[in-house]
Amino acid sequence: MRSDLNLVNLKVHTGELLIEAGISIRDGKIVKVAKTPNLPEAEETMDCGGLLAIPGPIDVHVHLRDMELSYKEDFYTGTCAAAAGGFTTVLDMPNTKPPTDSPEKLAEKVERARRSVVVNVGFYAIPPLDGQTVRELVSRGAVAFKVNLCKRWTDWDTGNQENLVKAFRIVSEAGRPVAVHAEEGSIVSEAEGRLRSSGRSGVMDYLEAHPDRAEFRAVRRVIQATLSSGARTHVCHVSTVWAVEALSRAKRFRVPVTCEVTPHHLFLTSKDLERIGTKAIVDPPLRSEVDVEALWRALREGVVDVVASDHAPHAEWEKVGDVWEVSPGFPGLETTLPLMLDAVNRGLVELDVVVRALCVRPAEIFGLVGKGRIREGYDADLVLVDMDGWWRVDPSEFHSKAKYSPFEGWRLMGVPVKTIVGGVVVAEGREVVGKPGSGRVLVG
Ligand SMILES: [Zn+2]
């Protein structure tokens, strides 16, 4: 049978090894990875000029917003940012307006997204302490669940360890993983309250409101609750040496906990917060050089499983003013892959590690069958990258509605040049050519 498309003259990182090969695609699937003469005939052949193909990167921590928060980002602009940034699948966080905390609200989101997404999207939901509702959320498509230990998202108190164990158990029984924002809310709100009442509102005071021990305490609670519940847990955006140490030890004892790191915690420190100001405010905040060094080591050694952007777009006016009122986070979908490829070019990290952290492990941890590798029978989600291509980060070019970045002006070597979702090219360089609806909504 003839294929739809043959990509030839490529270096292919399959997720395991780097080979010289071509890729044959039919009906949105990879049907063959082989030297050109051994590929089946195809309707169309694309000479890729020696570019590198990697499995479609999966961003497991994205806030696409939409609905009442569409002024910050919507499903179309967010997934355009993903496509231009080289991501083929993103997982959307549930702290939207309205929040994704009931089967009806999830169904509405899925329906809306189906018509507008350019890359694949899976949805997180917020778990109620009720097994029946959690099972319904899974049957409506919840790929994973998210618990925030720092801010109140749930109708139950996350500060209570019994509740946390119960939530983990319920999610685990529904067969899905649970991701956690691990900063202890009681520590953060106490510290913030103290600073505010003493009139402190400098940008560096924000660090004091989010001390290391808030993350450490929360990570320990997650590890304990993982053991008590039998759940598979994933710690979002680890940022401190203490959290990394605790997770490393837990993993050595085979606790089924995984974790992610963001590019901003890898490439920036609190000195950048001081330099940039409120636009660089993010939760958890930018940390010290010691923390950054520990995060890089943990990524190289595999203690950190995943790199995720924590793409958190806000309107520009929400990023200035009183430090306690500024919305935390900034866009990351368009900078994450170039930053990581640049790090490979600079010798900071091996390509193998980047492919593992952006493609292989996200698919494994979140149970995304047929994704994360370039392999026969897998979905034809991949990105062609030019390791010698340059890009100067210019937020005014972003597809995201949030046109600012702490990486503004950075010159990066290593860029995505073609993003392919289900065998269809959705971005050519920075230009999005995919139509709304060319991505799929993942269901369970
Ligand atoms: Zn987030």
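For the structure itself, look to the data block above.
Quick caveat: nothing in here was measured; it's all calculated off a predicted structure.

J.: What should I look at first to understand the layout of surface pockets in this one?
T.: The rolling of a water-molecule-sized probe over the atoms marks out the regions of remaining empty space. Taken as a whole, the largest pocket encloses approximately 350 Å³ of empty space. Looking at the lining of the largest pocket residue by residue, the class counts come to 5 nonpolar, 9 polar and 6 charged.

J.: Quick question: what am I supposed to make of the side chain of Thr419 here?
T.: Structurally, Thr419 is set in strand β15 (residues 411–421). Judged by its relative accessible area of 2%, Thr419 is buried. Separated by 2.8 Å, the side chain of Thr419 and the backbone oxygen of Ala83 make a polar contact. Every residue in contact with Thr419, bar those within four places of it in the chain, is listed here: Ala83, Gly86, Phe87, Thr88, Leu382, Val383, Val424, Val425, Val426 and Ala427.

J.: Would you explain the pattern of salt bridges in this entry?
T.: Pairing of side chains with opposite charge becomes possible as their charged atoms draw close. Counted by the stated rule, this structure contains 33 salt bridges. When the shortest N-O distance is used, the salt bridge between Glu325 and Arg196 registers 2.7 Å. Taken together, the residues Glu325 in the loop between β13 (306–307) and α12 (336–345) and Arg196 in helix α5 (residues 185–197) connect sequence positions 129 residues apart. The salt bridge partner of Glu428 is Lys418, with a shortest N-O separation of 2.6 Å. In this pair, Glu428 is assigned in strand β16 (residues 424–428) and Lys418 in strand β15, connecting sequence segments 10 residues apart. Residue Glu428 is classed as partly exposed on the basis of its relative accessible area of 35%. On the accessibility criterion, Lys418 (16% relative accessible area) is buried.

J.: What is the right way to look at the packing of aromatic side chains in this model?
T.: Within a pair of aromatic rings, the relevant descriptors are the distance that separates the centres and the angle that separates the planes. Using the criterion set out here, one finds 9 aromatic pairs in the structure. For the ring pair Tyr71 and Trp317, a centre distance of 6.3 Å and an interplane angle of 10° mean the geometry is stacked. Taken as a pair, Tyr71 in the loop between β6 (58–62) and α1 (75–84) and Trp317 in the loop between β13 and α12 lie far apart in primary sequence, 246 residues in all. In this structure Trp317 comes out as exposed when scored by relative accessible area, which is 61%. Between Phe216 and Trp242, the ring centres sit 6.4 Å apart and the planes meet at 65°, which makes this aromatic pair edge-to-face. Here Trp242 lies in helix α8 (residues 241–252) and Phe216 lies in helix α7 (residues 212–229), a separation of 26 residues in the sequence. Classification of Phe216 as partly exposed rests on a relative accessible area of 28%. Every member of this aromatic cluster is reached through a ring pair, and the members are Phe267, Trp296, Phe407 and Trp410.

J.: Teacher, can you tell me more about the pairing of strand β1 (residues 3–13) here?
T.: Along any regular strand the residues' side chains alternate between the sheet's two faces. A large share of β1 lies buried, amounting to 8 of its 11 residues. For β1 and strand β4 (residues 42–47), the ladder comprises 5 bridges, and the chain directions are parallel. Bridge assignment links Ser3 to a residue of β4, and that residue is Ala42. Judged from the 7 bridges that link them, β1 and strand β2 (residues 18–26) form a sheet pairing that is antiparallel. Of the residues in β2, the one forming a bridge with His13 is Leu18. Where β1 hands over to β2, the hairpin turn is made up of 4 residues, of which Gly15 adopts a positive phi near 110°. Of the strand pairs in this sheet, β1 and strand β5 (residues 52–55) are connected by 2 bridges, and their pairing is parallel. Looking across to β5, one finds that Lys11 is bridged to Leu52.

Reading the values: the criteria
Residues numbered from 1 in each chain as written. Predicted model: local features only at pLDDT ≥ 70, side-chain atom pairs only at ≥ 80, totals over all residues. Heavy atoms only, no water. 1 Å grid on protein atoms, 1.4 Å probe; cavity = no way out; pocket = protein on both sides within 12 Å on 5 of 7 lines; lining within 4 Å. Points joined across faces, edges and corners; volume = space filled by probe spheres on them. Nonpolar A, V, L, I, M, F, W, Y, C, P; charged D, E, K, R; others polar. Helix = DSSP H or I, 4+ residues; strand = E, 2+ residues; numbered from the N terminus. Buried < 20%, exposed > 50% of the residue type's maximum accessible area, 1.4 Å probe, protein only. Polar contact = N/O pair within 3.5 Å; in protein donor to acceptor, adjacent residues only side chain to side chain. Contact = heavy atoms within 4.5 Å. Salt bridge = Lys/Arg side-chain N within 4 Å of Asp/Glu carboxyl O. Phe/Tyr/Trp six-rings, centres within 6.5 Å; stacked < 30°, edge-to-face > 60°. Pairing = 2+ DSSP bridges.

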